[in-house]
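Tertiary structure, described
Chain by chain, the residues run as shown.
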Amino acid sequence: MHYLCNVLEGFWYRWNRALIRARGLAMGQEFKAKGINIALGPMMNIGRIAQGGRNFEGFGADPFLVGEAAYETILGLQAGGVQATAKHFINKLTNRNTCVPSRRPMSTDRTQHEIYAYPFMRSVMAGVSSVMCSYNLINDTYACNNNKTMNDILKREFGFQGFVMSDWSATMNTFSAVQGLDMTMPGDIFVGSGDSYFGDNLAAYVKNHTISMARLDDMATRIVAAWYYLHQDQDYPNTTVNSWDINDPINQKVNAQSDHASVVREVATAGIVLLKNMGALPLKKPKSLVLVGSDAAPPQSGPNEYLDQGGDPTGVLAMGWGSGTDRFSYLISPYEAIQARAKVDQTIFSWDFDNWDLGQAASAALDQEVAIVFVNSDSGEQYITVDGNEGDRKNLTAWNNGDRLILAVAAQNKNTIVVTNSVGPLILEPWVEHPNVTAIVWANLGGNEAGNAIADVLYGDWNPSGRLPYTIAKNTDDYPAQLTLGGSGTEILPIDYTEGLYIDYRWFDARNIAPRYEFGFGLSYTTFEYSNLAITPITSADVPEKDLIDNWAAGGASPIAEGSTTALWLHIPAFQVTFDVTNTGSHFGREIPQLYCASSGIGKGAPFDFERIHRHRAPSRSDASGVDHGLTSRLVDLGCCAPRMDQAERDNQVLCRRKQQGL
């Protein structure tokens, strides 16, 4: 388990179920090969705060997208033999000690279920072995001591049969066992403290009947059942990893990488989002090319410059920082990958990795056929502070003088391409409409194969198919929720969830705020046309729960019982939505059709399905075929629901894409 498990964070850009599951499977295989029983992921907290430091570990700012990515990741991980952990349950959205106050009227039960709990419900439906409760408070009660969220929502309503573990030192007292906690981690109250809220304290509470023996049996059963569920009792490998000592020879005993480098490269490449292209891409054997910016370079002291990647990288940013990271076994920078291609093309190739000497950067770009500027933005976990960023980002601007670097190069070169490696949204307004900025490539965090992935897209070996999992705003204040700063020690910062359901794009739609790039956006080197939309109800007389479905359709409530939310009848397709997608351009391409359903209370629409398809364009014909989606009966207000098939949400999206492609 040397590199795949924690690179490619933020692979939510892929919007590709097959690749998400393939990545999960490869991770699971590596975990098992190293004898690790439980993987502490996936992370599925919603990207409510654009500056949230750990957003890059998750899947985006929409509950459906996050839920589907979590579902596929868990299926992959556990198919590989390791127990998956859905985290952090629940409302863990930034690095600060946070409380969701009980007196906030917009922090409703509906918001909790539809936005923040939904990905965990999908995780339970995937058969996840464990769930990790978080550090924060929920309605003034700590998450790992919260009866409502753990016992009622997770175990009763979702029907979760696995075990709940605490985040590290998030257990508050022994009574957490009564409230739904099954395992305290790392065991002691604080790392190395030598005492525990469980252990002897739990035994004493059981002996004096404060906590029942039945509850203790339930805790043990849940933990052991997960072990049997993944067949870890049968010939499971011995542990060959010591995460506390990277120099321990045992870490080199088993090489778990297999042939996963190809998976890493494909996932990284498929996730790159093309935001702007005025005909500059793909590159066609340019006569001269210059790379500008430290983010194009190999890190000066190797790929692992800092413990837990906790520092300002001197080269390409391919991973955020914190406990959810890993050490690179190798790292391909854009400089290495593009130089190799330039050699083949006999392109005159040069570079300038100094972000601060703007005059030098401008001179390097002068008279070059193509100038590619690389910028980045990093974040991570709170226990490491980088340049004043305590995990969460202080702002949404490019690091290391990035905006000024782009402007300096664009002032001298009429074909300036910008490549960003970022943990999340950036404000691009200082340069996005500059006439000499001819293309913007959103490369996110590409892991070991970051440079190869970027080169694959720049040169057209891969037609970009990534889509944004969040909105890129024109101004930071346009986002519905802002980062709350301050607080220290045991102080609890109250966080107002006043936006309710209106997170990310829902807020922009409801308030009619024009974004720079909308949720789900992404260009291609070809064009697609959508046609023949058809919506057909699906009826079946063979469903045993037809009376429950009819009651639900009539506005009745579902039964209050164990597993009531994950009951299969609630997730049986109720409508079939079909349409044709035609490649009308000149390149082979991959499209991500996105099905949105506009409903009362959530703006113009929310995604209810997506799929990746491959389409060729032959010399004499267009390649078209149908796409089939299903809408489930859980849409309580289908009567006022208007499904529509979009490549993104906004009505002017086709015009916007054609304008940005120079068509």
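Quick caveat, the model's predicted, so the values are computed rather than measured.

Counting its secondary structure elements, the chain contains 16 helices and 22 strands. Classification of the 663 residues of the chain by burial places 60% in the buried group. Residue pairs in contact within the chain that sit at least 24 positions apart in sequence constitute 78% of those at least 6 positions apart. Split by element, the accessible area of the chain, about 25600 Å² in all, is 52% carbon and sulfur.

Tallied over the entire structure, the rule returns 22 salt bridges. Of the charged contacts in the structure, one is a salt bridge between E72 and R21, with a shortest N-O distance of 2.7 Å. Pair noted here: E72 is in helix α2 (residues 63-79) and R21 is in helix α1 (residues 17-33), with a separation of 51 residues, a long-range link. The shortest N-O distance in the salt bridge between R506 and D62 comes to 3.7 Å. Here R506 is found in helix α14 (residues 505-510), whereas its partner D62 is found in the loop between α1 and α2, with 444 residues between them in sequence. When its relative accessible area of 5% is taken as the criterion, R506 is described as buried. Since its relative accessible area comes to 0%, D62 is described here as buried. Here the salt bridges do not stand alone but share partners, grouping K155, D182, R215, D218 and R222 into one network.

For a regular strand, side chains alternate in direction, first toward one face of the sheet and then toward the other. The element strand β12 (residues 437-442) is largely enclosed, with a buried count of six among its six residues. As paired elements, strand β11 (residues 416-422) and β12 share five bridges and run parallel to each other. By the bridge assignment for β12, T420 is matched with W442.

When you line up the elements, T149 lands in helix α5 (residues 147-157). In contact with T149, not counting residues within four places along its chain, are F89, I90, I138, A143 and L154.

This part takes up the sheet that holds strand β10 (residues 370-377). Sheet architecture is open: six strands sit in the order β7-β12-β11-β10-β8-β9, paired in mixed fashion. With partners counted over all chains shown, the strands left at the sheet margins are β7 (273-277) and β9 (348-352), one partner each. With strand direction ignored, the average angle separating the axes of adjacent strands in the sheet is 15°. Contacts from helix α13 (residues 450-458) reach β10, β11 and β12 within the one sheet, and its direction differs from that of β11 by about 145°.

This brings us to the sheet that holds strand β3 (residues 130-133). Spatially, β1-β3-β6 is the arrangement adopted by the three strands of the open sheet, whose pairing is parallel. Two strands in the sheet have a free side with no partner beyond their single neighbour: β1 (85-89) and β6 (163-166). Taken over all neighbouring pairs, the strand axes of this sheet differ in orientation by 25° on average, direction set aside. Direction of pairing for β3 relative to β6: parallel, over a ladder of four bridges. Within β6, the residue paired with C133 across the bridge is S166. Of the strands in this sheet, β1 and β3 touch helix α4 (residues 118-125), which is tilted by about 160° from β1.

Let's shift gears to the environment of N145. Topologically, N145 is positioned in the loop between β5 (141-142) and α5. Exposure remark for N145: the relative accessible area of 18% places this residue in the buried category. Here the alpha-carbon distance between N145 and M172, two residues 27 residues apart in the chain, equals 6.7 Å. Not counting the four nearest positions on each side in its chain, N145 is found in contact with M150, N173, F175, S176 and Q179.

Right, let's get into the state of the cysteines. A complete count under the given rule lists one disulfide for this structure. Covalently, C133 is tied to C144 through a disulfide, its sulfur atoms 2.0 Å apart. Taking the torsion about the S-S bond as the criterion, the C133 to C144 disulfide, at about 110°, is right-handed. With C133 in strand β3 and C144 in the loop between β5 and α5, this residue pair connects regions lying eleven residues apart in the sequence. In this pair, the class of C133 matches that of C144, namely buried.

In this structure the tally under the stated criterion is 16 aromatic pairs. Taken together, a centroid distance of 6.4 Å and an interplanar angle of 20° make the contact between W351 and F353 stacked. Feature note: the residues Y335, F349, W351 and F353 constitute an aromatic cluster, connected by ring pairs. Seen from the ring of Y71, R122 lies directly overhead, with NZ or CZ sitting 4.1 Å from the centre.

With that settled, the discussion passes to the nonpolar core. Residues L275, I372 and L458 are the most contacted members of the largest nonpolar core, which totals 65 residues. Ranked by residue count, the leading element in this core is β10, at six residues. Membership of the second largest hydrophobic core comes to 53 residues, among which are A39, I115, A177 and M219.

Right, let's get into unusual backbone geometry. Put simply, F89 and I90 share a cis peptide bond, and its omega is 10°. With an omega of 0°, the peptide bond between L281 and P282 qualifies as cis. Topologically, P282 is positioned in the loop between β7 and β8 (288-292). For Q309, which is not glycine, the phi dihedral falls at a positive 60°. Exposure remark for Q309: the relative accessible area of 9% places this residue in the buried category. You will see that N400, though not glycine, has its phi angle at about 55°, which is positive.

Now for α1. For an α-helix, the turn length of 3.6 residues means that residues three or four places apart are oriented alike. Between its first and last C-alpha atoms α1 spans 24 Å; for 17 residues at 1.5 Å apiece the expected length is 24 Å, and the two agree. If you check which residues of α1 are buried, you get R17, L19, I20, R23, G24, A26, M27, G28, E30 and F31. Where α1 starts, the residue carrying a side-chain oxygen 3.1 Å from the main-chain nitrogen of A18 turns out to be N16. Looking at the residues trailing α1, positive phi occurs at G35, about 75°.

Of all nine residues that make up helix α12 (residues 402-410), seven are buried, and the element is covered over most of its length. Buried within α12 are the following residues: G402, D403, L405, I406, A408, V409 and A410. Its buried side turned inward, α12 meets β8, α11 (358-365), β10, β11 and β12.

Further remarks concern the packing of helix α10 (residues 334-345) against α13. Contact pair α10 / α13: the axes reach a minimum separation of 7 Å and the direction vectors enclose 45°. Relative to α13, the element α10 lies oblique. Crossing hand, α10 versus α13: right-handed. Facing α10, whose interface residues are P334, A337 and I338, α13 presents G451, N452, I454, A455 and L458. Among the residues forming the contact of α10 with α13, the class breakdown is six nonpolar, two polar and no charged.

What counts, and at which threshold
- Residues numbered from 1 in each chain as written.
- Predicted model: local features only at pLDDT ≥ 70, side-chain atom pairs only at ≥ 80, totals over all residues.
- Heavy atoms only, no water.
- Helix = DSSP H or I, 4+ residues; strand = E, 2+ residues; numbered from the N terminus.
- Buried < 20%, exposed > 50% of the residue type's maximum accessible area, 1.4 Å probe, protein only.
- Contact = heavy atoms within 4.5 Å.
- Areas by Shrake-Rupley, 256 points an atom, 1.4 Å probe, with all protein chains shown as cover.
- Salt bridge = Lys/Arg side-chain N within 4 Å of Asp/Glu carboxyl O.
- Pairing = 2+ DSSP bridges.
- Axes fitted to C-alpha atoms, helices over the stretch in contact; angles between N-to-C directions.
- Disulfide = S-S within 2.5 Å.
- Phe/Tyr/Trp six-rings, centres within 6.5 Å; stacked < 30°, edge-to-face > 60°.
- Lys NZ or Arg CZ within 6 Å of the ring centre and 35° of its normal.
- Core = buried A, V, L, I, M, F, W, Y, C linked by side-chain atoms within 4.5 Å.
- Expected span 1.5 Å × (residues − 1).
- Polar contact = N/O pair within 3.5 Å; in protein donor to acceptor, adjacent residues only side chain to side chain.
- Parallel < 35°, antiparallel > 145°, perpendicular 65-115°, else oblique.
- Left-handed = near helix turned anticlockwise from the far one by under 90°.
- Nonpolar A, V, L, I, M, F, W, Y, C, P; charged D, E, K, R; others polar.

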